[in-house]
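In case you want the letters, here they are:
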Amino acid sequence: MEGWTREDVLALLGVVATVAVAVGGPVLGFMLLARNGLNRLLGRSGRRYRSWFIAEYRVVYNVYLRERSELDLGTTYVALSAVGEDADGRRVATEVMGDADSRRLVITGDPGSGKSTLLKAYGVAICRPPRTLADRSDLWHIRRGKETPFFVPLRRFAEALDRGGDDLGRFLVEEILVRRARFPRGQAEAYLAELLKKGGCLILADGLDEVPDDKYERVRNALYAFAENGDPDNPTENARIIVTCRRQNLIGWRGEWIPRFAAHEHTLNPLRDTEILRYLDNLRPLFAEPQSPEAFFGAVRESAETLDLHRTPLILAMSVGLYLSRRPRLDIPDTTLELYGQMVAEMLKRHDFTDDPVAKSNRFQARDKERFLREFALEMAERDGAFEDFTRAELVAAARRLAPSLREVREAQAEDFVKEIFDRSGLLADVGDDANATFAHRSIQEYLAAVQLHRLPDGAERLLARAGDRAWRLVTLFYAAGDQPQIGEFLERLAGRDLDLAVRCLAGADTDDVNALGVRILDAYAPEWAGPADIEPVLTAILQACRSPRAVVRDRAVAHAESLLLGVPDHALVGWLGGDENLLRVLGAVAGTSTARIASLMPRFSGGLADDPRLVPILWQCLASPGIERQPAVAHILQLLLDLAVDPDGFAELERQPAYAPSFLTELRRRAYPFDRALPHDHNLVTLLAWAHHIGVAPSRPSRFFEAADAAHWFEALERDERRGLRFSLFPFARWTSITATVCSLALVALTLATDPGPFLEPFGWRTPAVLVGVSVSAALGVLGLAVTGEERPEIPEVLGPAEGDAGRLALGWMVGWIVRISSSANPYLDVYRHPTSAHWLGRRPGEG
């Protein structure tokens, strides 16, 4: 550039600047278009994926009811409750899952407690478009969120470890987005990366207990790595992760997961009576005369053990399906073992899951299928000591091998035999593709394995060899519930290896020699109680034994439970159990025993929860315990319920409980609640008041309602006198009178201005009308402001009917109301209708007339 003058350099810079402006504009525009296009693409990706997730998981194929049930319409899903160690007291499981501050959650539950359905339902609910659920659906109460859910069956992830390494992110891309949702790989990777950067990724990792033992550590470490990776280019730590696991399996792994992965676990509760009834009501169209949800629930409640079984969602679904298929027989199996046995037999006899009259009949006998499934279930469980999936090839090979021992199955028919079980029984299900399969629920395989062990000479030996394996606990419980002669010897030997499990087995054991044996096992268990650290598992085991079908065993279990509870100081139980939530869990178990002696102890430990509405269903269930009316503690239970029912939230919880009508209260209902225009006489509150009247119990707090009840001559006349009360309103008359006067005044002013405006111009000329208009408008605005804010003012006395928030009526109401109260000789307890702590007992809500 030698010889260039300053003018030459400036000229060159001008040319470069011109070219840069000319080229830079389109380039910048192209970059913006590309970015916007990518954003639109990712936005479309989000809508597309959410639509796929809803289509994939919103429909549950319920083999027990022979039909598909759509979760988002609320036809089957019932909101589950959960308890945990956090102090916020939330009980609805989906609310716990929706807490954005809970980055890592572990949710546990018993087999069949609804863990998988909970994850799928929550994912569907947060993905749903607005206004797509019926108002009565429990999913409606799950807040629609911005997170994007990925449902990850951990057994599928374990299988993928050998194919793609230990990277959960890789599994999300390849197995879910690409393979199942059919995304192009590049789009899938970009979509997941965007979700992770924005913190909108939710991992629903289901079934930690179903991971094979040889792959457990790799799955655990992969989840840890995903949760703790803070790489700015791939910040997987931004994802929220919810893991589910059977509670008994997590006990052995608790130190690994708590608190490294999550601060604590949340455990799903068994279904309460109200939740069972809501589930049955959702299925009401499937019932036909003489069947009904109420008849089914009544049959279930005839046995305390039967009712307890039905608190597990899986067993409830199975039992309803069995009930509906047995018209007109309406009997309910009494034990878990009998229920599973009848369910399996019924499923194997079905032609298919429709009512198509032209459907082909089964070619093979149900007896052959049941025997094959028993042997195959045990064989698969014992492969490497774990319950896991299998292939169709393994099924067919087993059918060929067992064909010579079956009645009507030849070796050449093995494939057709297996196909018929798949297509028509619903006991087996495909997993991911046609090559892999599993039992419809793991508990079905566990039941079949236990029944097969009953038939083997060395079955007890084979099961005792796995006494310390938590994966085989349910098999052991199924096995011990049999009525074979060897069960007594098995339980005695089991007690020497796992005393806690032996105590739990007493809940179902019904062999001839179990009475004396059960007493010995329970007496041997007593010295094991070491103190606060053991109280929760010990209480759980003892309370489970309290449900024994044998009266001798049940009475001894009740005695030990009573001794244990009495040995704990009232103030110490909450601390020993680890908080109010665990105390509620134990109190629920106490009520669930349906044993009056145990239930009567509960008031001693509920003092710290005296104002908690969650105590209402537990106390109400205690009142349903046979013989509770003969226990002195029933007065305390009634008093606690009355105190809770005074509060509107407690009253609403009482209304939700199933009706309970002891026969000895029939004649007392009218006397305790002499009203016709309030609550019906079969209402739960009327039952409570009649029982309280029967034994002379009143709330511990002052109550205007009970003051009126004590003055019997005034109480019985309360409704009659309330009808004679002054009930009128001057507001409509005043409003129309005011409107008429205003219209007439405006007409008169207009006429005067048109004919003789002189009087309106004195003394300020044409400013005079402006002043008049200003004053009038100001007054109108003031009245309008009073009317708007009147809704926040105190309620109008009921003598004037319901308040409508008008300032004029408010003032007039107070004035007339006080005049009436002063001058009237009406019933002095009429204010019961207005008292906020008892008005709802008379069928009123605050503000109602």
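Because the structure is a prediction, the values reported are computed rather than measured.

### With respect to the overall build of the protein chain
Helix and strand counts for the protein chain stand at 38 helices and eleven strands. Out of the 849 residues belonging to the protein chain, those deemed buried represent 50%. Contacts in the protein chain between residues far apart in sequence, at least 24 positions, make up 70% of those at least 6 positions apart. Carbon and sulfur atoms form 55% of the exposed surface of the protein chain, whose accessible area is close to 39700 Å².

### Re the side chain of D206
Checked against the element boundaries, D206 lands in strand β6 (residues 201-206). In this structure D206 is buried but unpaired, with K120 as the nearest side chain of opposite charge at 6.4 Å. Sequence-distant contacts of D206, defined by excluding residues within four places in its chain, comprise K115, S116, L119, F151, V152, P153, L154 and T244.

### Points about the packing of aromatic side chains
All chains considered together, the criterion is met by 25 aromatic pairs. Note on Y49 and W52: the rings are 5.5 Å apart at their centroids and 35° apart in plane angle, and the pair reads as tilted. You can see Y49 and its partner W52 sitting in helix α1 (residues 6-57), three residues apart, about one turn around the helix. The pair Y49 / W52 is uniform in exposure class, with both members buried. Taking 5.4 Å as the distance between ring centres and 75° as the angle between the ring planes, the aromatic pair formed by F157 and F171 counts as edge-to-face.

### Some details on unusual backbone geometry
Along the chain, I258 connects to P259 via a cis peptide bond; the corresponding omega equals 5°. As for its placement among the helices and strands, P259 is situated in the loop between α8 (247-257) and β8 (265-268). Positive phi, normally seen in glycine, also occurs at R182, with a value near 65°. Inspection of the secondary structure puts R182 in the loop between α5 (168-178) and α6 (185-198).

### Some thoughts on the pairing of β8
Of the two faces of β8, the one holding E265 and T267 and the one holding H266 and L268 are both buried throughout. Judged from the three bridges that link them, strand β4 (residues 104-109) and β8 form a sheet pairing that is parallel. Across the sheet, residue I107 finds its bridge partner in β8, namely H266.

### Remarks on helix α22 (residues 514-525)
Taking 1.5 Å of rise per residue, twelve residues should cover 16 Å, and α22 covers 16 Å from first to last C-alpha, within 8% of that figure. Looking at α22, one finds that the buried residues are V514, L517, G518, V519, I521, L522 and Y525. As for α22, its buried residues are in contact with α20 (486-497), α21 (499-505), α23 (535-545) and α24 (551-566).

### Things to note about the nonpolar core
F372, L491 and W841 are the most contacted members of the largest nonpolar core, which totals 138 residues. By residue number, the principal contributor to this core is helix α29 (residues 634-646), which donates nine residues. When near neighbours in sequence (up to four residues on either side) are disregarded, L491 contacts A480, A502, C505, A509, V514, L517 and I521. Counting residues in hydrophobic clusters, the runner-up holds 84 residues, among them L105, V211, V219 and L307.

### Thoughts on the pairing of strand β7 (residues 240-246)
β7 sits mainly inside the fold: seven of its seven residues count as buried. Along β7, one buried face is formed by R240, I242, T244 and R246 and the opposite face, lined by I241, V243 and C245, is buried too. Pairing geometry for β4 and β7, over six bridges, is parallel. Counted as the bridge partner of G109 is R246 from β7. In terms of strand pairing, β6 meets β7 through four bridges, oriented parallel. Across the sheet, the residue bridging to L202 is R240, located in β7. In this fold, β6 hands off to helix α7 (residues 213-228), which returns the chain to β7; that crossover is right-handed.

### Here's the deal with the pattern of salt bridges
Within the structure shown, the criterion is met by 33 salt bridges. Note that R185 is salt-bridged to E174, the shortest N-O span being 3.5 Å. Placement of the pair is R185 in helix α6 and E174 in helix α5, with a sequence separation of eleven residues. Members of the salt-bridge network, linked through shared partners, are D209, R246, R442 and E446.

### A short note on the environment of A193
Structurally, A193 is set in helix α6. Residues A193 and P235 lie 42 residues apart in sequence; the distance between their C-alpha atoms is 8.4 Å.

### Considerations on the packing of α29 against helix α32 (residues 684-695)
At their nearest, the axes of α29 and α32 sit 10 Å apart, and the two run at 135° to each other. By the angle between their directions, the pair α29 and α32 is classed as oblique. Crossing of α29 over α32 shows left-handed handedness. Contact residues: V634, A635, L638, L641, L642 and A645 in α29; L685, L688, L689, W691, A692 and I695 in α32.

### Focus: the confidence of the model for the protein chain
Across the protein chain, pLDDT averages 75, with 67% of residues at or above 70. For the stretch residues 68-74, pLDDT sits under 50, and the model shows 33 contacts to residues farther than four places along the chain or on other chains. Low pLDDT, under 50, characterises residues 845-849; the predicted model gives this stretch 14 contacts beyond four residues in sequence or across chains.

### Brief notes about helix α15 (residues 392-402)
Burial in α15 covers these residues: L395, V396, A398, A399 and L402. Buried residues in α15, looked at end-on, bunch into an arc of 160°, giving them a common side.

### Re the environment of V514
With respect to the helices and strands, the residue V514 is situated in helix α22. Sequence-distant contacts of V514, that is, excluding residues within four places in its chain, are made with L491, L506, A509, R550 and V553.

### Things to note about the packing of α15 against helix α16 (residues 414-425)
Running from N to C, α15 and α16 cross one another at 120°; their axes reach a closest spacing of 8 Å. Classed by the angle they form, the pair α15 and α16 counts as oblique. Considering the relative orientation of α15 and α16, their crossing is right-handed. Counted together, R392, L395, V396, A399 and R400 of α15 and A414, E415, F417, V418 and F422 of α16 form the full contact between these two elements. Residues that form the contact of α15 with α16 fall into these classes: seven nonpolar, no polar and three charged.

### A few points about the environment of T511
Positionally, T511 belongs in the loop between α21 and α22. Those residues in contact with T511 that lie beyond four places of it in its chain are G482, D483, Q484, I487, G488 and R550. Among the polar contacts made by the side chain of T511, one reaches the side chain of D513 at a distance of 3.1 Å.

Conventions used here
- Residues numbered from 1 in each chain as written.
- Predicted model: local features only at pLDDT ≥ 70, side-chain atom pairs only at ≥ 80, totals over all residues.
- Heavy atoms only, no water.
- Helix = DSSP H or I, 4+ residues; strand = E, 2+ residues; numbered from the N terminus.
- Buried < 20%, exposed > 50% of the residue type's maximum accessible area, 1.4 Å probe, protein only.
- Contact = heavy atoms within 4.5 Å.
- Areas by Shrake-Rupley, 256 points an atom, 1.4 Å probe, with all protein chains shown as cover.
- Lys, Arg positive; Asp, Glu negative; His and termini not counted.
- Salt bridge = Lys/Arg side-chain N within 4 Å of Asp/Glu carboxyl O.
- Phe/Tyr/Trp six-rings, centres within 6.5 Å; stacked < 30°, edge-to-face > 60°.
- Pairing = 2+ DSSP bridges.
- Expected span 1.5 Å × (residues − 1).
- Core = buried A, V, L, I, M, F, W, Y, C linked by side-chain atoms within 4.5 Å.
- Right-handed = clockwise from strand over helix to strand, strands pointing away.
- Axes fitted to C-alpha atoms, helices over the stretch in contact; angles between N-to-C directions.
- Parallel < 35°, antiparallel > 145°, perpendicular 65-115°, else oblique.
- Left-handed = near helix turned anticlockwise from the far one by under 90°.
- pLDDT = per-residue confidence, 0-100.
- Arc of directions from axis to C-beta.
- Nonpolar A, V, L, I, M, F, W, Y, C, P; charged D, E, K, R; others polar.
- Polar contact = N/O pair within 3.5 Å; in protein donor to acceptor, adjacent residues only side chain to side chain.

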